[in-house]
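Observations on chain architecture
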Amino acid sequence: MATAESGKRNWFARLREGLERTRQALVQPLTDLVRRGRIDESVFDELEAALLQADVGLATTEALISELRDTLRKQGISEPAAIPGLLRDLMRARLEIPGGRLVRSEQPPTVYLFVGVNGTGKTSSIGKLAVNLREEGFNVLLGAADTFRAAAREQLAAWAERSGADLVHHQEGGDPAAVAYDAIRAARSRGADYVLIDTAGRLQTRTNLMQELQKVYRVVERELGRPADEVLLVLDATTGQNGLSQARVFREAVGVTGIVLTKLDGTAKGGVVLAIASELKLPVKLVGVGEGLHDLRPFSAEAFVQALIPDELVGEKTVSMNDP
Ligand code: GDP
């Protein structure tokens, strides 16, 4: 059986593997920079192009470059070899947003509301989180408040079965807020530790959708006597900067507390994590790097920057991994 330690190492390997294409966008330009004799303007231009290529986004790229210039000047550094390490530190600082861990309430059930556009990986993220929580020994209940699509309920039912979680659902077309209400009631009477609520994400009827979400949010708050412990916005990393505009829409409607970033595997746009953290000031709480049951884990800024800018480039062997 895998030990916790080897589990962590496997996860780091999976994260590294998932970020392969994003890393490629950065590694070659950084390798070329390090070989230069001195730092001149073209160094910053090339770095900017590489960061944009990794989908870090214009505003965050410009901010990072400006911080890098400041640091180099203040520390009197003229060696290009220092750049990868400094860039890694600057990225880490942007990613370490307070409250990055999932909240667990002292008054069970802990309730997480999952919101996001259809297809981003909402249902499967709920399923994977349920698997993890069940393996940690918690009782979990899933609430199928996406009553708009019968397929969504069936998919959630399959995850409930797979993870050993309970499921509360209504008929297709039922009131999502009523599902949320029943889910919390059922969780209380069955002594469940966690309630994970799926919601609809059809953006074509945006106004209705947002009103519906607000109603679910209010009902949860009333029933629980506090707001949902987390409102997790699920974003698909392959959509890159589009994710930012989705986040703004959802954040306006309900108080998003964190991001679940899926499909980091196989995308060259993993740099979007930096844009999300910098521009939205929302912590990325979970990342998905595949379709396997254990491919969703807590986000670690340290592991992420190490996976993105390899130790070989920084020129030092990093020992601490601070992996979740
Ligand atoms: P929903 O419509 O938001 O509920 O999205 P689903 O949970 O149905 O996911 C849509 C598709 O994305 C499914 O085929 C999932 O298996 C896939 N998916 C979800 N998360 C990940 C991930 O981290 N990596 C990969 N490669 N696929 C994922």
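How each quantity is defined
Residues numbered from 1 in each chain as written. Predicted model: local features only at pLDDT ≥ 70, side-chain atom pairs only at ≥ 80, totals over all residues. Heavy atoms only, no water. Near = heavy atom within 4 Å. Polar contact = N/O pair within 3.5 Å; in protein donor to acceptor, adjacent residues only side chain to side chain. Areas by Shrake-Rupley, 256 points an atom, 1.4 Å probe, with all protein chains shown as cover. Helix = DSSP H or I, 4+ residues; strand = E, 2+ residues; numbered from the N terminus. Nonpolar A, V, L, I, M, F, W, Y, C, P; charged D, E, K, R; others polar. Pairing = 2+ DSSP bridges. Axes fitted to C-alpha atoms, helices over the stretch in contact; angles between N-to-C directions. Contact = heavy atoms within 4.5 Å. Expected span 1.5 Å × (residues − 1). Buried < 20%, exposed > 50% of the residue type's maximum accessible area, 1.4 Å probe, protein only. Phe/Tyr/Trp six-rings, centres within 6.5 Å; stacked < 30°, edge-to-face > 60°. Lys NZ or Arg CZ within 6 Å of the ring centre and 35° of its normal.

Before going further, it helps to spend a moment on the site of the ligand. Around the ligand, a shell composed of 18 residues is seen, among which Gly119, Thr123, Ser124, Asp265 and Glu291 lie nearest. The side chain of Asp265 places a nitrogen or oxygen atom 2.7 Å from a nitrogen atom of the ligand. At 3.3 Å, a backbone N or O of Gly288 approaches an oxygen atom of the ligand. Considering the ligand on its own, with 590 Å² of exposed area, one finds that the protein chains cover 79% of that surface. Ranked by residue count, the leading element in the shell around the ligand is helix H6 (residues 122-135), at 4 residues. Taken together, the residues that form the shell around the ligand break down as 2 nonpolar, 10 polar and 6 charged.

What follows covers the sheet that holds strand S1 (residues 110-115). An order of S3-S2-S4-S1-S5-S6-S7-S8 is seen for the 8 strands of this open sheet, with the pairing classed as mixed. Two strands lie at the open edges of the sheet, namely strand S3 (166-168) and strand S8 (296-298), each paired on one side alone. Here the strands of the sheet are splayed against their neighbours by 25° on average, with no regard to which way each runs. As defined by bridge partners, strand S2 (residues 140-145) adjoins S3 across 3 bridges and the pair is classed as parallel. Residue pairing across strands places Gly143 opposite Val168, the latter belonging to S3. The sheet strands contacting helix H7 (residues 150-163) are S2, S3 and strand S4 (194-199), and the helix crosses S2 at an angle near 175°. On top of the sheet, helix H8 (residues 176-190) reaches S1, S2, S3 and S4; it is set at about 165° to S2, its chief contact.

The next point concerns H8. Helical geometry: 3.6 residues make up each α-helical turn, so side chains three or four residues apart lie on a common side. Here H8 contains 15 residues, and its C-alpha end-to-end distance of 21 Å stays within 8% of the 21 Å for a straight helix at 1.5 Å per residue. Looking only at H8, the buried set comprises Pro176, Ala177, Val179, Ala180, Ala183, Ile184, Ala186 and Ala187. One side-chain oxygen at the N-terminal end of H8 lies 3.0 Å from the backbone nitrogen of Ala177; it belongs to Asp175. Positioned one or two residues after H8, Gly191 has a phi angle of 70°, which is positive.

Let's shift gears to the packing of aromatic side chains. Throughout the structure, instances matching the rule amount to 3 aromatic pairs. On the numbers, 5.7 Å between centres and 65° between planes, the contact of Tyr112 with Tyr194 is edge-to-face. With Tyr112 in strand S1 and Tyr194 in strand S4, the pair connects residues that are 82 residues apart, well separated along the chain. The interplanar angle of 75° and the centroid separation of 5.2 Å between the aromatic rings of Phe138 and Tyr194 together place this pair among those described as edge-to-face. Taken together, the positions of Phe138 in the loop between H6 and S2 and Tyr194 in strand S4 put the pair 56 residues apart, joining distant regions of the chain. Taken together, the ring pairs in this structure connect Tyr112, Phe138 and Tyr194 into an aromatic cluster. Between the NZ or CZ atom of Arg69 and the centre of the ring of Phe44, over which it lies, the distance is 4.1 Å. Directly above the ring of Trp159 sits Arg162, whose terminal nitrogen or CZ lies 4.3 Å from the centroid.

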